[in-house]
Amino acid sequence: MGARASWSGQLAFVLAASASAIGLGNLWRFPYLAARYGGGVFIAVYLSLSLTLGFVLLVTEIAIGRYARQSQLTAFGVLGHPKWNFLGVLATLVPLFILPYYNVIGGWVFRYFAAYAGAAFAGIAPTADPKAFFGAFVGAPWAPFAAMCAFTAAVVAVIVLGVKNGIERANLVLVPALLAIAVALSVYVATLPGAGEGIRYYLVPDFSSCDNIGKVMLGAMGQMFYSLSLAMGIMITYGSYMLRRDSVPKAAVRIVAADTFVAILSGFMIIPVVVVFASAGASEGVRAVIDAGPGLMFETLPKVFLSLGTAGPWFGLVFFTIVLFAALTSGISMMEAIVAAVCDFFKTSRARSVAVVSVWSVAVGALSAFGYGRWSSLRFFGLPPLDFFDTSMNILTPIVAALICVFAGWILSPKRILAECQRSGERVGFRLFYVVMVRFVAPLLIIAIVVSEVCRCLKLGGWSI
């Protein structure tokens, strides 16, 4: 098998990990949660949790990966605790089942990118009825599957080239491009008439909208948790490629900073134009538009773009370019976590691992791709395949994270994690904070996420976020 691949340096690792964290959740979920839960109040809570809980979980996973020099599937056994190999299996199941339906959504993004590209250069809107357009696309016999395959092929093209030649080089292009376009779009949005009201709606704390601080914390914690790609095997795998001389704590801080920056920036891209749209006489109010949830990206925002006149198609093209880049970087990281696990466990080549994972992704992804069309009658516990997989993983992921905290805090020992953080020669000044967080605070907070997700599934509104 040869020596294990590695990043060329800390910048490459931070870019790769940040690229994984900067996904679709940043671009649609963060803005509507911020608007729902008091604007600046939510942002302050989110930032506080990211710098504490998020930092601790990132340090833990990165350190486990670098210490073991293995992916999540085999890392726990290599660390001398074979009875905990089950945790590696659970951590591998998360990306194994998220990747197929994530590629389906990536295919949707690709379809919208292509539609707005054609519309922008033709000088017309891609559709006069965004809701009907989306419904016709996801319900078409073959189009969603073809779009999923195209998106999957783009991800595979990067993964098959390896860590340095594929993932590292792709992120060196995609991440700076994403950030540059996002900043440019945010500046443009700020110049729109009425945008100032939208910025105030987004940033100024509104305590009347967050009367239940528990829900605000759960919403912020859930967003932070999934946004940072925690408990998906990704940070363990990426950590296994990290050079010994690089600083784990500094990398974790930079990843949190990059992820939070893009999440907050996404609000500047979306909320002002929504407020402008709602203020221009739209039948929906601002809250109704924002609360569209996942439909915000594929149905509501295209309606907003339509209201912008001739600038709308170009606005849509730039926006879906950013979304496509974000989807690709996250898709790449999830596939790499699975490919690395197959390589480590079966001692096989990257090319064979990529082939196996690709077949799996397309086969399982077909369930979600056809789930609103030719297989619309297919249901798992009353849910369409995509919704079922998403709900299941939303529950399994925090369970895995809680178990990782138990492993690091009580089985492996925090001293081993902190010792790994000192390999670069720097002094670790957060020892007591880390021990208290990983042993006590983090597991309790993560269990709260599990309870919240279960209650959401059972439609217990008092807990649902």
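Everything here concerns the structure above.
Anyway, here's the lowdown on the structure attached to this text. Owing to the predicted nature of the structure, the values given are computational and were not obtained by experimental measurement. As a convention, each chain's residues are numbered from 1 in the sequence order in which they are written. Local features are withheld for residues below a pLDDT of 70 in this predicted model, meaning they are given only at 70 or higher, and side-chain atom pairs are given and counted only at 80 or more; totals for whole chains, interfaces and linings count all residues. Hydrogens and water are ignored here; the side-chain numbers use all heavy atoms of the structure.

Each helix is a run of H or I in the DSSP string that is no shorter than four residues. Each strand is a run of E no shorter than two, and both are numbered from the N terminus. The helix and strand inventory of the protein chain stands at 19 helices and 0 strands. For the protein chain, whose C-alpha radius of gyration is 21 Å, the value lies close to the compact-globule estimate of 23 Å for 465 residues. Only protein chains enter the area calculation, which uses a 1.4 Å probe; residues under 20% of their type maximum are buried, those over 50% are exposed, and those in between are partly exposed. Burial statistics for the protein chain: of 465 residues in total, 58% are counted as buried. When checking whether two residues touch, look at their non-hydrogen atoms; a contact exists if any pair is within 4.5 Å. Of the contacts formed within the protein chain by residues at least 6 apart in sequence, a portion of 82% connects residues at least 24 apart. The Shrake-Rupley method, run with a 1.4 Å probe, gives the accessible areas here. Residue values count only the displayed protein chains as cover. Total accessible area on the protein chain stands at roughly 17300 Å², and carbon and sulfur atoms take up 68% of it. Seen as two clouds, the 31 positive and the 18 negative side-chain charges of the protein chain have centres 10 Å apart. Radius of gyration here is computed from C-alpha atoms only, and the compact-globule reference equals 2.2 Å multiplied by the residue count raised to the power 0.38. For this count, His and the chain ends are skipped, Lys and Arg are scored as positive, and Asp and Glu as negative. By convention, charge coordinates are those of NZ in Lys, CZ in Arg, CG in Asp, or CD in Glu.

For the rest of this paragraph, the subject is the nonpolar core. In globular proteins that are soluble, nonpolar side chains generally tend to be buried together. Ranked by internal contacts, the top residues of the largest apolar core, which has 163 residues, are Phe13, Tyr238 and Phe320. In terms of residue count, the dominant contributor to this core is helix H15 (residues 312-346) (20 residues). Discounting residues that sit within four places of it in the chain, Phe320 has contacts with Val109, Tyr112, Phe113, Tyr116, Met297, Phe298 and Phe305. Residue types Ala, Val, Leu, Ile, Met, Phe, Trp, Tyr and Cys, when buried and joined through side-chain atoms within 4.5 Å, form a set referred to as a nonpolar core.

A few words on helix H14 (residues 295-306). Between the first and last residue of a helix there are one fewer steps than residues, each counted as 1.5 Å, and that sum is the expected span. The terminal C-alpha atoms of H14 lie 16 Å apart, and with 12 residues this matches the ideal 16 Å at 1.5 Å per residue to within 8%. All of the buried residues in H14 are Leu296, Met297, Phe298, Thr300, Leu301, Pro302, Val304 and Phe305.

Now for a nonpolar patch on the surface. Residues enter patches when they are more than 30% accessible in relative terms and free of salt bridges; like-charged ones are connected within 9 Å and nonpolar ones (Val, Leu, Ile, Met, Phe, Trp, Tyr) within 5 Å. Within this document, salt bridges are pairs made up of a side-chain nitrogen of Lys or Arg and a carboxyl oxygen of Asp or Glu, the two lying within 4 Å of each other. Residues Trp410, Ile411, Leu432, Val436 and Phe440 make up a contiguous nonpolar surface patch of roughly 500 Å² in combined accessible area. Secondary-structure elements contributing two or more residues to the nonpolar patch are helix H17 (385-411) and helix H19 (431-457). Tallying contributions element by element places H19 first for the nonpolar patch, with 3 residues. Inspection of the secondary structure assignment puts Val436 in helix H19.

Take the pattern of salt bridges next. For the coordinates displayed, the defined rule picks out 7 salt bridges. In this structure, Arg350 engages Glu336 in a salt bridge whose closest nitrogen and oxygen atoms are separated by 2.8 Å. Within this pair, whereas Arg350 is found in helix H16 (residues 350-369), its partner Glu336 is found in helix H15, the two being separated by 14 residues in sequence. In terms of burial, Arg350 and Glu336 fall into one category: buried. Residues joined in a network through salt bridges with shared partners are Arg66, Arg244, Glu420 and Arg423.

Turning our eyes to something else, we now look at empty space enclosed by the protein. Both site types are read off a 1 Å grid over the protein atoms alone. A 1.4 Å probe that fits but cannot get out defines a cavity, while an open set with protein on both sides within 12 Å along at least five of seven lines defines a pocket; lining residues have an atom within 4 Å of a point. Grid points are joined across faces, edges and corners, and a volume is the space filled by probe spheres set on the points. Scanning the model with the defined rule gives 1 cavity of 30 Å³ or more in all. Empty space within the largest cavity amounts to approximately 30 Å³. Of all the secondary-structure elements, those providing two or more residues to the lining of the largest cavity are helix H3 (40-68) and helix H18 (414-421). If you tally residues by element for the lining of the largest cavity, the top one is H18, at 3 residues. By the convention adopted, Pro, Cys, Tyr, Trp, Phe, Met, Ile, Leu, Val and Ala count as nonpolar, Lys, Arg, Asp and Glu as charged, and the other residues, Gly among them, as polar. Each residue belonging to the lining of the largest cavity can be placed in one class, and the counts come to 5 nonpolar, no polar and 2 charged.

Turning our eyes to something else, we now look at unusual backbone geometry. Here Arg69, not a glycine, exhibits a phi torsion of approximately 55°, which is positive. By secondary structure assignment, the location of Arg69 is in the loop between H3 and helix H4 (72-78). A positive phi is found at Ser413, a non-glycine position, where the angle reads about 95°. For Ser413, the location among the structural elements is in the loop between H17 and H18. Classification of Ser413 as partly exposed rests on a relative accessible area of 22%.

Just distances and angles here, no functional claims.
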